Amino acid sequence: MQILLIQTVSTFFKLLEFLIFARVILSWIPIGRNNSLVQLLYTLTEPILSPIRSLLDKSPLGGMMLDFSAWFAVILLYFVEMLIINALMGLF
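Note that the coordinates shown come from a computational prediction; the quantities given were computed from them, not determined experimentally.

Structural notes on the overall build of the protein chain
Broken down by element type, the protein chain carries three helices and zero strands. Taken from N to C terminus, the helices and strands of the protein chain fall in the order α-α-α. The C-alpha atoms of the protein chain give 16 Å as radius of gyration, which overshoots the globular expectation for 92 residues (12 Å, by more than 25%). Principal-axis analysis of the C-alpha atoms places the extent of the protein chain at approximately 45 × 35 × 15 Å.

Describing the packing of helix 2 (residues 36–58) against helix 3 (residues 69–91)
It is at 9 Å that the axes of helix 2 and helix 3 come closest, and there the two elements cross at 115°. When the interaxial angle is binned, helix 2 and helix 3 end up roughly perpendicular. For the pair helix 2 and helix 3, the crossing hand works out as right-handed. Contacts between helix 2 and helix 3 pair Ile48, Leu49, Ile52, Arg53 and Leu56 from the former with Ser69, Ala70, Phe72, Ala73 and Leu76 from the latter.

Focus: the environment of Leu41
In this fold, Leu41 is placed in helix 2. Leu41 gets classed as buried once you look at its relative accessible area, which sits at 6%. When the C-alpha positions of Leu41 and Ala22 are compared, they lie 7.8 Å apart, and in sequence the two are 19 residues distant. Setting aside chain neighbours within four positions, we find Leu41 in contact with Leu19, Ala22, Arg23, Leu26 and Glu46.

Considering the environment of Tyr42
Inspection of the secondary structure puts Tyr42 in helix 2. A sequence separation of 47 residues divides Tyr42 from Met89, and the C-alpha atoms of the two residues are 33 Å apart. What Tyr42 contacts, discounting residues up to four positions off in sequence, is Arg23, Arg33 and Pro47.

Rules used in this analysis
- Residues numbered from 1 in each chain as written.
- Predicted model: local features only at pLDDT ≥ 70, side-chain atom pairs only at ≥ 80, totals over all residues.
- Heavy atoms only, no water.
- Helix = DSSP H or I, 4+ residues; strand = E, 2+ residues; numbered from the N terminus.
- Rg over C-alpha atoms; globule rule 2.2 N^0.38 Å.
- Axes fitted to C-alpha atoms, helices over the stretch in contact; angles between N-to-C directions.
- Parallel < 35°, antiparallel > 145°, perpendicular 65-115°, else oblique.
- Left-handed = near helix turned anticlockwise from the far one by under 90°.
- Contact = heavy atoms within 4.5 Å.
- Buried < 20%, exposed > 50% of the residue type's maximum accessible area, 1.4 Å probe, protein only.

The following block contains the structure:
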């Protein structure tokens, strides 16, 4: 049971990381935002990236030409994933 739960949590976080990576790649390709795939990616990833982007805008990194929010989001997701997995391991 513990292994299944940990694998589910890990898969969920890997999926989020993949969606963020896909959004970054699609931002380099000239596809309109009215494309259904692009809209789906924005709908799924914007709740994660928007707060990070706001914090970065207030920091010394804000206002740069590059958007580092995806990079910080992946790092943050990794730490949250490890916290949840360690908590689950401590429960059983």
